[in-house]
Amino acid sequence: MAIRELKVCLLGDTGVGKSSIVCRFVQDHFDHNISPTIGASFLTKTVPSGNELHKFLIWDTAGQERFHSLAPMYYRGSAAAVIVYDITKLDSFQTLKRWVKELKEHGPEDIVVAIAGNKNDLGDIREVPMKEAKEFAESIAAIFIETSARNAVNVEELFQKISKQIPPLENHEDE
Ligand code: GDP
């Protein structure tokens, strides 16, 4: 079975749970005191997708997101980008639009974009209505999902949705 390496970059404000999502997906683990330096490089996980194996190379911003303008190198060659916000922080949803703009300017044209509303275990203190976020995602043709890295909700599904949007390799070979 062919293995395809797919670079995925994570975007979103500090504290929304980017490192926790990667940690949950790759190691099936939640660490309350996760180190912000976990993203100094990338972590990988391979999942089956149709007749292929998708090896995700997941890049975390290693705290660089506070500059709100990442080096274009960060996006280069990315098959997908996951923009994460925190459902309990309206600010993190508002800045999401800035991340979308940044991605449009610096990211590859055919990049698959996914929006993840994380911390959905904290529904009691929700500030971002799911409907609003979903509608925004639809308006930019992005995948939308709410996740909880803490409770392992929809983290696998997020990456499955991304896998499904990546055209199979055969399509390229036929061209
Ligand atoms: P990053 O700066 O975006 O990489 O965010 P982190 O992964 O470092 O997480 C920031 C904080 O949010 C940490 O205290 C995590 O324990 C917490 N956190 C991350 N994901 C979740 C979640 O799904 N639910 C809850 N309740 N807390 C979370």
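Owing to the predicted nature of the structure, the values given are computational and were not obtained by experimental measurement.

Caption draft 1: Structural detail: the overall build of the protein chain. Per the secondary structure count, the protein chain includes seven helices and six strands. When the helices and strands of the protein chain are read in sequence order from the N terminus, they spell out β-α-β-β-α-β-α-α-β-α-β-α-α. Relative to its full complement of 175 residues, the protein chain shows a buried share of 46%. Across the protein chain, every contact between residues at least 6 apart in sequence was considered, and the portion connecting residues at least 24 apart equals 73%. In the structure as shown, the protein chain presents an accessible area of about 9200 Å², 50% of it carried by carbon and sulfur atoms.

Caption draft 2: Geometry of helix α1 (residues 18-27). With eight of its 10 residues buried, α1 lies for the most part within the structure. Among all positions of α1, only Lys 18, Ser 19, Ser 20, Ile 21, Val 22, Cys 23, Arg 24 and Phe 25 are buried.

Caption draft 3: Molecular detail of the pattern of salt bridges. Enumeration over the complete set of coordinates arrives at eight salt bridges. In this structure, the salt-bridge partner of Glu 5 is Lys 55, at a minimum N-O distance of 3.7 Å. With Glu 5 in strand β1 (residues 2-11) and Lys 55 in strand β3 (residues 52-59), this residue pair connects regions lying 50 residues apart in the sequence. With a closest N to O distance of 3.2 Å, Lys 45 and Glu 156 form a salt bridge. Placement of the pair is Lys 45 in strand β2 (residues 42-49) and Glu 156 in helix α6 (residues 155-165), with a sequence separation of 111 residues.

Caption draft 4: Broad picture of the pairing of β2. Alignment of β2 against β3, held across eight bridges, turns out to be antiparallel. When the bridges of β3 are listed, Pro 48 appears paired with Leu 53. If you look at the hairpin formed by β2 and β3, you'll find two residues sitting between the two strands, and Gly 50 has a positive phi there, around 60°.

Caption draft 5: Spotlight on the site of the ligand. Taken together, 18 residues are adjacent to the ligand, and Gly 15, Lys 18, Ser 19, Ser 20 and Asp 121 come closest. In the model, a nitrogen atom of the ligand is placed 3.1 Å from a nitrogen or oxygen of the Asn 118 side chain. Here an oxygen atom of the ligand sits 3.0 Å away from a polar atom, N or O, in the side chain of Lys 119. Contact with the protein chains covers 83% of the free accessible surface of the ligand, which is 580 Å².

What counts, and where the lines are drawn
Residues numbered from 1 in each chain as written. Predicted model: local features only at pLDDT ≥ 70, side-chain atom pairs only at ≥ 80, totals over all residues. Heavy atoms only, no water. Helix = DSSP H or I, 4+ residues; strand = E, 2+ residues; numbered from the N terminus. Buried < 20%, exposed > 50% of the residue type's maximum accessible area, 1.4 Å probe, protein only. Contact = heavy atoms within 4.5 Å. Areas by Shrake-Rupley, 256 points an atom, 1.4 Å probe, with all protein chains shown as cover. Salt bridge = Lys/Arg side-chain N within 4 Å of Asp/Glu carboxyl O. Pairing = 2+ DSSP bridges. Near = heavy atom within 4 Å. Polar contact = N/O pair within 3.5 Å; in protein donor to acceptor, adjacent residues only side chain to side chain.

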